[in-house]
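Here is what each chain is made of, one letter per residue.
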Amino acid sequence: MRRLPAPLRVVAWVLGGLYVLYLVAGNVLVNSSRARAELNRKPQTIQVQWSWAWTAWPGQIDVHGLRLHGHARQLLWSAQGERAWGRVRLWPLFRRELRFAPIRAYAVAVDVQPTVADRKPPPWRSDAWRVTFDGIRTSSLRRVRLGDLVAEGHGEGEVGFTHQLRGGPTRVFPSRVAMSDARLDYRQQPLLRRADVDLRFAVDAFTHERPAGWRKAERASGRLSVAGDTPPFMPRPARAASAGQGMAAGRLKLDIPFDHGSLLPGGSVQWDGPMASLETDGTLRPHRAHAGLEMGPDAVTLRAQVAPAAGGAGTTAQDGGELRLRFASRRLLPLRPFADAVKLLSGTARFRWHFASLDWLTPLLLSKPWLHLDGAGEVAGSLRLEAGTLMPGSRVEVPEVALGARILGKLFTGKAHALASVDDAPAGGSLAMSLSADRFALAPDAASTPYLRGRGLRLDMQSSRDLARFRDAFAARLRFTDADVPDLRAYNPYLPGRSLNFLSGRGRMSTDIRIDGKGDVNAGRMQVSSSGAWLAVGPSRLFGNLHMDTRLTASRRAGHAYDLDRLTLMLDGIRVAGSRDPPWWARFTIRHGRLDWDRPMRLRGNATMVMKDVSLLLSLFAERNAFPKWIARVIDDGQATAHAEVDARRGDFVLDRLSASNKRVDLSAHLRVRDGIPDGALYVRWGVLGLGVGLSGGQRDFHLLHAARWYRSQPDLLSPADEP
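Parameters and conventions
All residue numbers refer to positions counted from 1 along the written sequence of the respective chain. Owing to the predicted nature of the model, reporting of local features is limited to residues with pLDDT of at least 70; listing and counting of side-chain atom pairs is limited to 80 or more, with chain, interface and lining totals taken over all residues. To get the side-chain values, take all heavy atoms of the structure and skip hydrogens and water. Where helices and strands are cited, they refer to DSSP runs of H or I of at least four residues and of E of at least two residues respectively, numbered from the N terminus. Each radius of gyration reported is based on C-alpha atoms, and the globular scaling rule is 2.2 Å times the count of residues to the power 0.38. In this analysis, two residues are considered to be in contact whenever any of their non-hydrogen atoms come within 4.5 Å of each other. We get accessible surface area from the Shrake-Rupley algorithm with a probe of 1.4 Å; when it comes to residues, only the shown protein chains can shield them. By convention in these notes, a salt bridge is any Lys or Arg side-chain nitrogen within 4 Å of a carboxyl oxygen on Asp or Glu. Remark: exposure states derive from per-residue accessible area (1.4 Å probe, protein chains only) relative to the maximum for the residue type, with buried under 20%, exposed over 50%, and partly exposed in between. Being paired, for any two strands, means DSSP has found at least two bridges between them. Cavity: a set of points on a 1 Å grid over the protein atoms alone where a 1.4 Å probe fits but cannot get out. Pocket: an open set with protein on both sides within 12 Å along at least five of seven lines, its lining residues, like those of a cavity, having an atom within 4 Å of a point. Grid points are joined across faces, edges and corners, and a volume is the space filled by probe spheres set on the points. Think of it as three bins: nonpolar holds Ala, Val, Leu, Ile, Met, Phe, Trp, Tyr, Cys and Pro, charged holds Asp, Glu, Lys and Arg, and polar takes everything else, Gly as well. Without a salt bridge and with relative accessible area above 30%, a residue can belong to a patch; like charges are then joined within 9 Å and nonpolar side chains (Val, Leu, Ile, Met, Phe, Trp, Tyr) within 5 Å. The nonpolar core is taken to be a set of buried Ala, Val, Leu, Ile, Met, Phe, Trp, Tyr and Cys residues, with the residues joined through side-chain atoms within 4.5 Å.

What the protein chain contains, in helices and strands, is 8 helices and 38 strands. What you see for the protein chain is a C-alpha radius of gyration of 41 Å, clearly larger than the 27 Å of a compact globule of 724 residues, by over 25%. Overall, the protein chain is about 155 × 65 × 45 Å in size when its C-alpha atoms are taken along their principal axes. A fraction of 55% describes how many contacts in the protein chain between residues 6 or more apart in sequence connect residues 24 or more apart. Accessible surface, the protein chain: about 38600 Å² in total, of which carbon and sulfur atoms supply 57%.

Following the criterion strictly, the structure yields 46 salt bridges and no others. The partner of Glu152 in a salt bridge is Arg143, and the shortest N-O contact between them spans 3.2 Å. On the basis of relative accessible area, Glu152 is assigned to the partly exposed category, the value being 30%. As a salt-bridge pair, Asp656 and Arg657 come within 3.4 Å of each other at their nearest N and O atoms. Taking relative accessible area as the criterion, Asp656 reaches 0% and is therefore assigned buried. Under the relative-accessibility criterion, Arg657 is labelled partly exposed at 30%.

Note: strand β23 (residues 431-443) against strand β24 (residues 452-463), 11 bridges, orientation antiparallel. Note that in β24 the partner of Leu435 across the bridge is Leu459.

Attention now moves to empty space enclosed by the protein. Per the counting criterion, the structure on display carries 4 cavities of 30 Å³ or more. Of the volumes computed, that of the largest cavity is approximately 920 Å³. Looking at the largest cavity, it is lined by 36 residues, and the ones nearest its centre are Leu495, Leu500, Met548, Leu569 and Leu603. For the lining of the largest cavity, the leading source of residues is strand β29 (residues 540-554), giving 5 residues. Of the residues belonging to the lining of the largest cavity, the class tally is 34 nonpolar, 2 polar and no charged. Here the second largest cavity is characterised by a volume of approximately 180 Å³. As for the second largest cavity, its lining consists of 14 residues, of which Leu408, Leu442, Met509, Met526 and Trp597 are closest to the centre. Elements represented by at least two residues in the lining of the second largest cavity include exactly β22 (410-422) and β27 (507-516). The greatest single-element share of the lining of the second largest cavity, amounting to 3 residues, is contributed by β27.

Turning next to a nonpolar patch on the surface. Together, Val10, Val11, Val14, Leu15, Leu18 and Leu21 make up a nonpolar patch on the protein surface, roughly 550 Å² of accessible area in all. Among the secondary structure elements, Val14 is positioned in helix α1 (residues 6-30). On the basis of relative accessible area, Val14 is assigned to the partly exposed category, the value being 45%.

Moving on, we get to unusual backbone geometry. If a residue is not glycine, its phi is most likely negative; likewise, a peptide bond is most likely trans. Cis geometry is found at the peptide bond from Arg210 to Pro211, where omega equals -10°. As for its placement among the helices and strands, Pro211 is situated in the loop between β9 (189-206) and β10 (220-230). The linkage connecting Leu333 with the following residue, Pro334, adopts the cis geometry, with an omega of 0°. With respect to the element layout, Pro334 can be found in the loop between β16 (320-327) and α4 (338-342). Positive phi, normally seen in glycine, also occurs at Arg73, with a value near 50°. The residue Arg73 is located in strand β3 (residues 60-89) in this model.

Quick look at the nonpolar core now. Trp370, Leu371, Ile407, Leu435, Leu452, Met611 and Leu667 are the most contacted members of the largest nonpolar core, which totals 103 residues. The residues contacting Ile407, other than those within four sequence positions of it, are Trp370, Phe412, Leu478, Ile513, Ile515 and Val521. By size, the runner-up hydrophobic cluster in this structure holds 15 residues, among which are Leu192, Val226, Ile256 and Trp271.

Turning next to the environment of Thr449. By the element assignment, Thr449 lies in the loop between β23 and β24. In this structure Thr449 comes out as exposed when scored by relative accessible area, which is 66%. Look past the residues within four positions of Thr449 in its chain and what remains in contact with it is Ala443 and Pro444.

Written out as structure tokens, the structure reads:
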């Protein structure tokens, strides 16, 4: 063999030396701490770790034990593999592009998790570097985790993308991810087993800012195909108890082509499998179910059917139903407002099903859950929907449900029958619902002893049959009659403490109130009556019969504040403890006042009082024998009419600018009872005789001379600033 010419031998030796130098220096460098430090200069953005690596020529690298971690906007991502090898294209470096030729990886696992921390890129620059992966290929994809969704199996895939740093555009090249014999879990609950998954996709260029959020999905196109076994569909209590393990698996077949936010014609989803219902004794009864989704030329159609269980005579033996729903568009993105999306829905449904819990009904009905439905029960119905509107003949019935309604801070409970139907009134009709409870109770909360029990509670509700407006147009009316109040002292937390409260007594209550969709009372009437109640008004103890009738309308102020149309309190057969006076009666009426229902209750208004006589008013200032004899002779002389401003609130009961008169006597007073102790000023006149009484801290000061002048000098107790 002829020897190479000397110049070529020199070149060969130089090149060989340089290659050996590269092998030594390059492999020392890629395994050095300096290389790791250079690649991890911004660990908050990306971190790269590896066990060892080697390079055979410039741009080529083979890495073992590779682990990558990064933070991009509101995503934390990581990827790892036992081995990855590939090369960097050198010429693109001269145009500020780090471009990788196809990279192969082995035993790959990927994890992407959302985070509340938003790591925004630095301001964009046109000369920012671009990073491009022509393709990252693997034939051994082991695990992919996206949030709470985890896929494990034998996978392969190729993903390529290009991204300009500093917030520049990103584009995903045509890519593919496939898994066979895979398992898919969501929050540790099995979704698929022995599944074949094939996802092909590409994404047009986008930036972090445009399109915003999930609208980036509008730039994607591709096809998703899935075929696998699903677990039996079971009610939540059965899943929690790991019941139904002996039931057969279901089968899912899915083929969905998509393009820039639209589903393409020809796509379909088919599922067949067992669906279990839960008997009242906890046993499961299997049913056969089928659901299918078809993408047509101009609509997406859903069909579902559950067949009744074969044989058996349990509560769920006849459970079943069928659904046909049509969505009049194939475009899913951008997301439509709810009202617009609902108008594209039409279809029919027939069903009868026994549920272990009916608590899922509440969020369907109300935007604010003041009404709660729970407990095991059956739901049966027939619905017809056209363009998002329930049509006449639609009907849903729940024979028995556990009712809980929190109104004015109190909880009504009972077992109720529920019925909802759409009437066929010519003006468009409405959706009417009714809940009726044969027995019910009222308590501060679920753990407290009820202080009211009754029969025949009825809650009538009405709303729009337009599903887009259903929860916002909701209105209700609650009624009951002659419910039993075993102890009137239960209402003392709403009264002004020792200044005005019940000492004992049993009563009856009737209520008719109107409620809006948020559970706030906007109008109503409440009646309370008692035969033989003990009542404390300051130091006086009264015994007798009472009847209170309250009519109110909602106020624009915050909280449970109301305008009083009228409040009437009738007292009859009233006796004062320790007094031998004959029984006393009175009728108090407050019109156009204010009532704040929050604890303690606040009542303010102008009262008109018609009384047997003024004896009870005088007794609040002094015992009868403390007054001059001429008052004792006229005090019981005839019916009296009085007017006063009333203010009852925390610890205080006030009758101000009180003016009362009958045929013989005129009486004026300012009276405050604070924490059970009365004080104020009183003036009584009979013809030319007059008497003033000042009351402070339990001490009385009588004024016989210039009594009228003294009384006029006493200040009012209430002012406009005292308005609640």
